[in-house]
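Architecture at a glance
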Amino acid sequence: MTDVELKVSLNKFEKFKAEKDGLSVKVQLEQFASIGWEAMDETDREHRLKWLGVFFRPVTPGKFMMRLRLPNGIVTSEQMRVLGEVVQRYGDAGNADITTRQNLQLRGIRIEDLPDIFNRFQPVGLTSVQSGMDNVRNITGDPVAGLDADELFDTRELVSQVQDMITNNGVGNPEFTNLPRKFNIAIAGGRDNSVHAEINDLAFIPAYKEAGGQGGRGAEEPKFGFNVIVGGFFSAKRCDAAIPLQAWVTPEDVVSVCRAVLEVYRDRGLRANRQKSRLMWLIDELGLDKFREAVEKQLGHSLQPAAEKDEIDWEKRDHIGVYPQKQSGLNYVGLNIPVGRLYAQDMFELARMAEVYGSGEIRLTVEQNVIIPHISDLRLQALLSEPLLQRFSINPDTLTRGLVSCTGSQFCNFALIETKNRALAMIKALEAELSLTRSVRVHWTGCPNSCGQPQVADIGLMGTKARKNGKAVEGVDIYMGGKVGKDAHLGTCVTKGIPCEDLQPVLRNLLIEQFGAKPRQEVLVST
Ligand code: SRM
Ligand code: SF4
C-alpha cells in the first residue's frame, strides 16, 4: 500500500495512533492528575490511557478501570495486598475482577491517584502497561505450572520472557504499541490445554518431535517443543478457532517466534477496517503458506514442520479442590470465586492465607478462580477451616463451579445486558431446583464481543436485545457444544433472542434433557 492509499484509508483509531503513540501519555500522568478527568483531552482520556491499562468507563464517569498484566496469572501476596489497598480507598466503588485471561481488573480508580498507584506498583513488580487497545493482552500459561506432576513444560518463565520482550520489562515498548488491533498469546504446558489455546491469535501447544527428523523414530529421545497455532479469535463479526501454522518450535525459540509473528502482524496487518483487522484476516489475505514464509523471513530462518501429534490428551481440569503437587508433602488448593469478583477484604485475606499456609503465591485461572499453591499436608486442614472458604468454596455446587461471566452492563458500555449479578442469581435458583452429578460450564457474555467466551462453554449465553409483548427487553442467544481440553472445538448458536426473564425454565429444561439434571423433588421422592 502506498503512503497516499494508507492515508486515505486511515480510520479514526489509526489516525489518533499516528498522531501520538498511546504510550506517550505515561509522562503526562501528573498533569492529568492535577487537571482532573473532565478537563483532559478526550482521546487521551478515552483511548490513549488504555496503553497504560487505564480505562475510562462511560457507565461510571470519573471512576476508571485498571487492567493489570499478570503473566501466567501469578500474583504474590505482597502484590495482592497493594492491589487490595488500591481498591480499598474507593469504598463501595472499589473492587477487583478476575478476568478470563488469568488477570485482574481494578475498579473505582480516580485519575488523581494514578501517579501514586504507579509508584506503589513499581517496587512490587506490578505493571498494567499495554494491556488494552491495540496491544498484546495478558499472556496466559498453565495455571498449575511447576506444581503438576504430569506437566510437560513449566510455562512460567517463558510467559514472563514473552511479556518482557513485548513490554520492555513492563516499562512499555513502542515497538509493539501500534498493532492493527488487539492480540492474544497463550502457552500451554500441561495435557489438558488449561489456557484455551485455540482461541488465541498465537498459541503454543506441547508436542514431541521424533529425533532425526520428520516423523521417523530415531535412536535419540523425542525432543520437547510446541506446535504453533495461529489466528484464533472472537469478535462480534466473526469467531474462529486457531489453525495450525504447520510449525514446531523448541521452548528456546518461543520468544523469537512471538516477536516475528508480531512484527509481521504490525507491519502487514490490515488496518482499514477494525472489524477485519485481527490476525486471522491477514492470514486469509496472504494465505497460510505466504504468512508462514513472512514469519520465517522475519525470523531469519525456516521453521521446522509441525510434530505429527500434540500432547493434549486430557479432559480439561478446573483445579477447584485440593490436589497433591509434584513436590512431596505439598498441595495446591483451588478456590471457586463466584463470577471472579473480589473486594479489598477478600484480597487481604487471600494474601494472608497464601503467606500463612503457603509460600505467599496466588494464582488465577481463565475460569476466574484462584489457586493457592504450596500448602503442606500439615497445614492443609487449618487452611480448609478458614472462614473465607465458606464463600470461596473448594467444593462448590455443580453449576456455580463452572460459572464464568464477563463484566456486563454494570461497568461495560458495550453490554446489552447485566451479566455477573444475574448469572449468579440464576445459577443459585437452578441449583435450588435441580440436582446434577457433573459440573456444567455455563458462560455469560454481555454482548457479541464474547469476552466471557460463550463459544467454549457447555452452555454459552450471549447478551442481546430480545422482544417480549412488543417491547425490547434484555435477552440472550444460547450457544452449545463448546468443548475444551482434548479435541477442543467451538460451540455454536442454537437459539436466539430468549428474554432473560424467561431464561430460567429454558436452562432448566436444557440441564435436564442434555446434562442429566434431576428435579430435586424427584430425587427426594426416589430416595
Ligand atoms: Fe474483552 C473489549 C472486558 C477478555 C473480546 N473487553 C472489552 C472491553 C475493554 C470493552 C470496554 O471498553 O468496555 C471490556 C472492559 C469491560 C470492563 O470494564 O471490565 C472487556 N475482556 C474483558 C474481560 C474483563 C472480561 C472478563 O470479565 O473477564 C476480559 C479481560 C481479559 C484481560 O485480562 O485482558 C476480556 N475479551 C476477552 C476475551 C477472552 C479471551 O481473551 O480469551 C475476548 C475474546 C477473545 C478474543 O479477543 O479474540 C474478548 N473484548 C473483546 C472484544 C472483541 C475483539 C474483536 O476483535 O473485535 C472487544 C471489543 C474490541 O476490542 O473492540 C473487547
Ligand atoms: Fe463488555 Fe461485551 Fe466484553 Fe461483556 S462481552 S465485557 S459486555 S464488551
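Our structure's up above, just so we're on the same page.
Anyway, here's the lowdown on the structure attached to this text. (Residues numbered from 1 in each chain as written. Chains lettered and ligands numbered in written order. Predicted model: local features only at pLDDT ≥ 70, side-chain atom pairs only at ≥ 80, totals over all residues. Heavy atoms only, no water.)

Remarks on the layout of surface pockets
Left-over empty space is what a probe sized like a water molecule reveals as it rolls over the atoms. Convention followed: Think of a 1 Å grid over the protein atoms and nothing else: a 1.4 Å probe that fits but is trapped marks a cavity, an open set flanked by protein within 12 Å on at least five of seven lines marks a pocket, and residues with an atom within 4 Å of a point count as lining. Grid points are joined across faces, edges and corners, and a volume is the space filled by probe spheres set on the points. Helix numbers and strand numbers start at the N terminus; a helix is a DSSP run of H or I with at least 4 residues, a strand a run of E with at least 2. Polar here means any residue outside two lists: the nonpolar Ala, Val, Leu, Ile, Met, Phe, Trp, Tyr, Cys and Pro, and the charged Asp, Glu, Lys and Arg; Gly therefore counts as polar.
In this structure, the second largest pocket spans a volume of roughly 640 Å³. Mapped onto the lining of the second largest pocket, the elements with two or more residues apiece are α3 (29-35), β3 (74-76), α6 (114-124) and α7 (156-167). The element that contributes the greatest number of residues to the lining of the second largest pocket is α6, accounting for 6 residues. A breakdown of the residues in the lining of the second largest pocket according to their chemical character gives 14 nonpolar, 12 polar and 4 charged.

Concerning the packing of helix α5 (residues 77-88) against α6
Where we set the bar: In this analysis, axes come from line fits to C-alpha atoms, helices being fitted only over the stretch in contact, and the angle between any two N-to-C directions falls in the range 0 to 180 degrees. Working definition: roughly parallel below 35 degrees, roughly antiparallel above 145 degrees, roughly perpendicular at 65 to 115 degrees, and oblique for all remaining angles. Contact definition: two residues touch when any of their heavy atoms are within 4.5 Å.
Orientation of α5 relative to α6, taken along the N-to-C sense of each, is 175°, at an axis distance of 10 Å. Judged on the interaxial angle alone, α6 and α5 are roughly antiparallel. For the pair formed by α5 and α6, the contact residues are E78, Q79, V82, L83, E85 and V86 on the first element and I117, R120, F121 and V124 on the second. Class assignment for the residues of the contact of α5 with α6 results in 6 nonpolar, 1 polar and 3 charged.

Observations concerning the coordination of the iron atom of ligand 1
Short version of the rule: The rule for donors is simple: N, O or S, within 2.8 Å of the metal, or within 3.2 Å if the metal is Na, K or Ca. Water isn't counted, so a site may look like it is missing partners.
Looking at the protein side alone, the iron atom of ligand 1 has one donor only, C451 (SG), at 2.3 Å. Checked against the element boundaries, C451 lands in the loop between β19 (442-445) and β20 (459-468).

Comments concerning the site of ligand 1
Here is the rule: We call a residue near a molecule or strand as soon as one heavy atom of that residue lies within 4 Å of the molecule or strand. Counting of polar contacts relies on pairs of N or O atoms within 3.5 Å, with two restrictions inside protein: one atom must be capable of donating a hydrogen and the other of accepting it, and residues adjacent in sequence are counted only when both atoms are side-chain atoms. Throughout, the edges of the domains are those of an automatic or database domain assignment.
In the neighbourhood of ligand 1, 31 residues make up the surrounding shell, with R57, R107, K182, T407 and C451 lying closest. N184 places a side-chain nitrogen or oxygen 3.2 Å from an oxygen atom of ligand 1. T407 has a polar side-chain atom sitting 2.7 Å from an oxygen atom of ligand 1. At the level of elements, β2 (64-67), β5 (104-109) and β9 (233-234) are the ones that each hand at least two residues to the shell around ligand 1. Broken down by class, the residue content of the shell around ligand 1 amounts to 10 nonpolar, 13 polar and 8 charged. Residue contributions to the shell around ligand 1 reach at least three from each of two domains, namely domain 1 (140-299) and domain 2 (400-526).

Things to note about the pattern of salt bridges
Rule in force here: By definition, a salt bridge exists where a carboxyl oxygen of Asp or Glu is found within 4 Å of a side-chain nitrogen of Lys or Arg. Note on exposure labels: buried denotes an accessible area under 20% of the residue type's maximum, exposed denotes more than 50%, and partly exposed covers the range between, all computed with a 1.4 Å probe on protein chains only.
The tally for this structure, following the rule as stated, stands at 45 salt bridges. The salt bridge involving R89 is made with D113; its shortest N-O contact spans 3.7 Å. Of this pair, R89 sits in the loop between α5 and β4 (95-98) while D113 sits in the loop between β5 and α6, placing them 24 residues apart in sequence. The class of R89 is partly exposed, set by a relative accessible area of 34%. Where K316 meets E367, a salt bridge forms, and the shortest distance between an N and an O atom there is 2.7 Å. With K316 in the loop between α10 (288-299) and β12 (321-324) and E367 in the loop between β15 (361-364) and β16 (370-376), this pair connects stretches of sequence that are 51 residues apart. Judged by relative accessible area, which is 17%, K316 ranks as buried.

As for the site of ligand 2
Taken together, the neighbourhood of ligand 2 is formed by C406, T407, C412, F414, A415, T445, G446, C447, N449, S450 and C451. For the shell around ligand 2, a count of residues per class yields 6 nonpolar, 5 polar and no charged.

A few points about the nonpolar core
Defined as follows: Buried Ala, Val, Leu, Ile, Met, Phe, Trp, Tyr and Cys residues form a nonpolar core when they are joined through side-chain atoms within 4.5 Å.
The biggest cluster of nonpolar side chains holds 55 residues, and the ones touching the most others in it are L49, L104, L106, F121, L335 and L342. Of the residues forming this core, the biggest block, 8 residues, is contributed by helix α11 (residues 344-357). Of all hydrophobic cores here, the second largest spans 43 residues; its members include F226, F233, V264 and W281.

Some details on the environment of S450
Residue position: S450 is located in the loop between β19 and β20. Here S450 falls in the buried class, since its relative accessible area comes to 3%. Spatially, the C-alpha atoms of S450 and L461 are 9.6 Å apart, while their sequence positions differ by 11 residues. In terms of polar contacts, S450 uses its side chain to reach the backbone carbonyl oxygen of P448, at 3.0 Å. Within the local environment of S450, its side chain forms a polar contact with the side chain of Q455, the two groups lying 2.9 Å apart.

Quick notes on the packing of helix α8 (residues 254-268) against helix α9 (residues 279-286)
As a packed pair, α8 and α9 sit with axes 11 Å apart at the nearest point and diverge in direction by 80°. It follows that α8 is roughly perpendicular to α9 by the angle criterion. Together, V261, V264, Y265 and R268 of α8 and L279, L282 and L286 of α9 make up the contact between the two elements. Residue composition of the contact of α8 with α9, by class: 6 nonpolar, no polar and 1 charged.

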